[in-house]
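Residue-level listing of the chains:
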Amino acid sequence: MMSQLSAHVEENETDQRISLLKEQIRSLQSKYTLTGRKMSKKDKQDFDIAQQEIDRLEKRNQRLDERKHPLTRFLEIIHPLVRIFGFLLLVTVLMIVIAVGSTSLERALHSECSHKCGWTIDQRTFWNPIDELLFSIAKHNIHAMDYLIIGFIVIAIILCSLAGMLKLGVRFTFIQLYKLQPQGSAPQGLLLAIFHLMFILITVNVELLTIAPQYTTFGGQMTVIDGKKQICTLESIGNDNPEKCRMTEISITLYHQITNIPFFGGFYFIGNWIFLGLIFVFTIVKIIKKKGLINESEEDDEETQGLL
């Protein structure tokens, strides 16, 4: 009750402040409209500052209105859980980037047939966090835990894709086709967004062979070579032993596609490097832009305080 009262008082104070600033702007405009003179430097600065303050206060009022919504109150209650979920998403995305980078680099360095067989490798040697985790879980037969982790990875990719579409809109390369916004999205835009998500899910199935190659190909299987237990590799499939390795159905389908049509393997390989390159470039650009915005905000605050 007290929070609602304080929000109401704050909203009234903000409205009064906006009214005063609008009156100040009208006064400045009428002063120069009647005389036809050009606005002086000082009055122009006062006009710009008043306009910026009105924009800031209107955004503040909008946030106050949003706080009254029941969904906003519910989100405020679960805010700590949302932060934890966001942190887990960040860690998952970083692990996906490391996994794709590790597998792509290993294929570039250790693939004996390179483009002729779609950059496939017989045995992994580079560290891959997601592959190691899923393989260990499958090896020790921890029931359903690997499914939960894969499910969370898929959810992370879908949420990141949705965030990108909400920010950039539905696009064809660099051309924006439709903009997605609450209660204002075109039906065609929503339909295309759903198509995008369907293709993203198909891509996830293919990318599993890059994100977690050992787990996707053999699960947690082990084989015996010269009396020693070792992880399964493509070379060990034909070995005559009681613990013969068996490839998963999805890996058989993908390997047949890549080896029989090397173009697809090369396309996936180059696509992964483009993905890593774009992430690196846009991360640097985002950091630089954020620093620039912080510096501009600090300069504007100092200038505003000096003028006031």
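Reading the values: rules and limits
- Counting from 1, residues in each chain are numbered in the order their sequence is written.
- Per-residue local features of the predicted model are confined to residues with pLDDT of at least 70, and side-chain atom pairs are confined, for both listing and counting, to 80 or more; whole-chain, interface and lining totals are unaffected and use all residues.
- The side-chain quantities take in all heavy atoms of the structure and omit both hydrogens and water.
- Salt bridge criterion: a side-chain nitrogen from Lys or Arg within 4 Å of a carboxyl oxygen from Asp or Glu.
- Runs of E in the DSSP output that reach at least two residues are strands. Runs of H or I that reach at least four are helices, and both are numbered from the N terminus.
- Note that a disulfide, as used here, is simply two cysteine sulfur atoms within 2.5 Å.
- Working definition: with a 1.4 Å probe on protein chains only, accessible area under 20% of the residue-type maximum means buried, over 50% means exposed, and in between means partly exposed.
- Here, any two strands with at least 2 DSSP bridges between them count as paired.
- Joining through side-chain atoms within 4.5 Å is the link that ties buried Ala, Val, Leu, Ile, Met, Phe, Trp, Tyr and Cys residues into a set, and such a set is a nonpolar core.
- Only heavy atoms enter the contact rule, under which two residues are in contact if any of them lie within 4.5 Å.
- Between the N-to-C directions of two axes lies an angle of 0 to 180 degrees, each axis being a line fitted to C-alpha atoms and, for a helix, fitted only over the stretch in contact.
- Throughout, the term roughly parallel applies to angles under 35 degrees, roughly antiparallel to angles over 145, roughly perpendicular to angles from 65 to 115, and oblique to all others.
- Each residue gets a pLDDT score, which is the predictor's confidence in that residue and runs from 0 to 100.
- Only rings of Phe, Tyr and Trp enter the pairing, Trp through its six-membered ring, and a pair is recorded when the two centres are within 6.5 Å. The plane angle decides the type: under 30 degrees is stacked, over 60 is edge-to-face, the rest tilted.
- Geometrically, a lysine NZ or arginine CZ counts as sitting over a ring once it is within 6 Å of the ring centre and also within 35 degrees of the ring normal.

### Quick word on the pattern of salt bridges
Phase 1 of the analysis: Summed over all chains, the structure comprises four salt bridges.
Phase 2 of the analysis: One salt bridge connects R56 with E53, and the closest N-O pair in it is separated by 2.5 Å. With R56 and E53 both in helix α2 (residues 41-68) and three residues apart, the pair spans about one turn of that helix.
Phase 3 of the analysis: Notably, a salt bridge pairs R124 with E132, separated by 3.2 Å at the nearest N-O pair.
Phase 4 of the analysis: Members of the salt-bridge network, linked through shared partners, are R124, D131 and E132.

### Here's the deal with the state of the cysteines
Phase 1 of the analysis: A complete count under the given rule lists one disulfide for this structure.
Phase 2 of the analysis: Each sulfur of the disulfide joining C232 and C245 lies 1.9 Å from the other. Taking the sign of the torsion about the S-S bond as the criterion, the disulfide between C232 and C245, at about -80 degrees, is left-handed. You can see C232 sitting in the loop between β4 (228-231) and α9 (249-260) and its partner C245 sitting in the loop between β4 and α9, a full 13 residues away along the chain.
Phase 3 of the analysis: The class for C245 is buried, based on a relative accessible area of 3%.

### So, the pairing of strand β3 (residues 222-225)
In summary, the side chains of a regular strand alternate between the two faces of the sheet.
Phase 1 of the analysis: Bridging between β3 and β4 involves four bridges; their strand directions are antiparallel. Among the inter-strand pairings, M222 is bridged to a residue of β4, identified as I231.
Phase 2 of the analysis: Where β3 hands over to β4, the hairpin turn is made up of two residues, of which D226 adopts a positive phi near 55 degrees.

### Structural notes on the pairing of strand β2 (residues 175-178)
Phase 1 of the analysis: Where strand β1 (residues 170-172) and β2 come together, three bridges link them in antiparallel fashion. Looking across to β2, one finds that V170 is bridged to Y178.
Phase 2 of the analysis: What sits between the antiparallel neighbours β1 and β2 is a turn of two residues, in which T173 has the positive phi angle 55 degrees.

### A look at the nonpolar core
Phase 1 of the analysis: By size, the foremost hydrophobic cluster in this structure holds 13 residues, and its most contacted members are I96, I130, L134 and I211.
Phase 2 of the analysis: Ignoring sequence-local partners within four residues, the contact set of I96 consists of I130, I153, I157 and I211.

### Description of the packing of helix α5 (residues 129-139) against helix α6 (residues 145-168)
Phase 1 of the analysis: Their axes nearest at 8 Å, the elements α5 and α6 cross at an angle of 155 degrees. By the criterion of interaxial angle, the relationship of α5 to α6 is roughly antiparallel. On the side of α5, the interface is formed by I130, L133, L134, I137 and A138, while α6 contributes M145, D146, I149, I150 and I153.

### What to know about the side chain of S251
Phase 1 of the analysis: Position of S251 among the secondary structure elements: in helix α9.
Phase 2 of the analysis: When sequence neighbours within four positions are dropped, the list of residues in contact with S251 reads L209, T216 and T217.

### Concerning the confidence of the model for the chain
Phase 1 of the analysis: On average, residues of the chain carry a pLDDT of 80, and 85% of them reach 70 or more.
Phase 2 of the analysis: Predicted confidence for residues 300-308 stays below pLDDT 50, and this span has three contacts to residues more than four positions away or in other chains.

### Section: the packing of aromatic side chains
Where two aromatic rings form a pair, the distance of their centres and the angle of their planes describe that pair.
Phase 1 of the analysis: This structure, assessed with the given rule, holds six aromatic pairs.
Phase 2 of the analysis: Plain terms: the ring middles of F267 and Y268 are 6.4 Å apart, the flat faces sit at 65 degrees to each other, and that makes the pair edge-to-face.
Phase 3 of the analysis: Three or more aromatic residues joined by ring pairs form one cluster here, namely F263, F264, F267 and Y268.
Phase 4 of the analysis: Taking NZ or CZ as reference, R124 lies 5.9 Å from the ring centre of F135, over its face.

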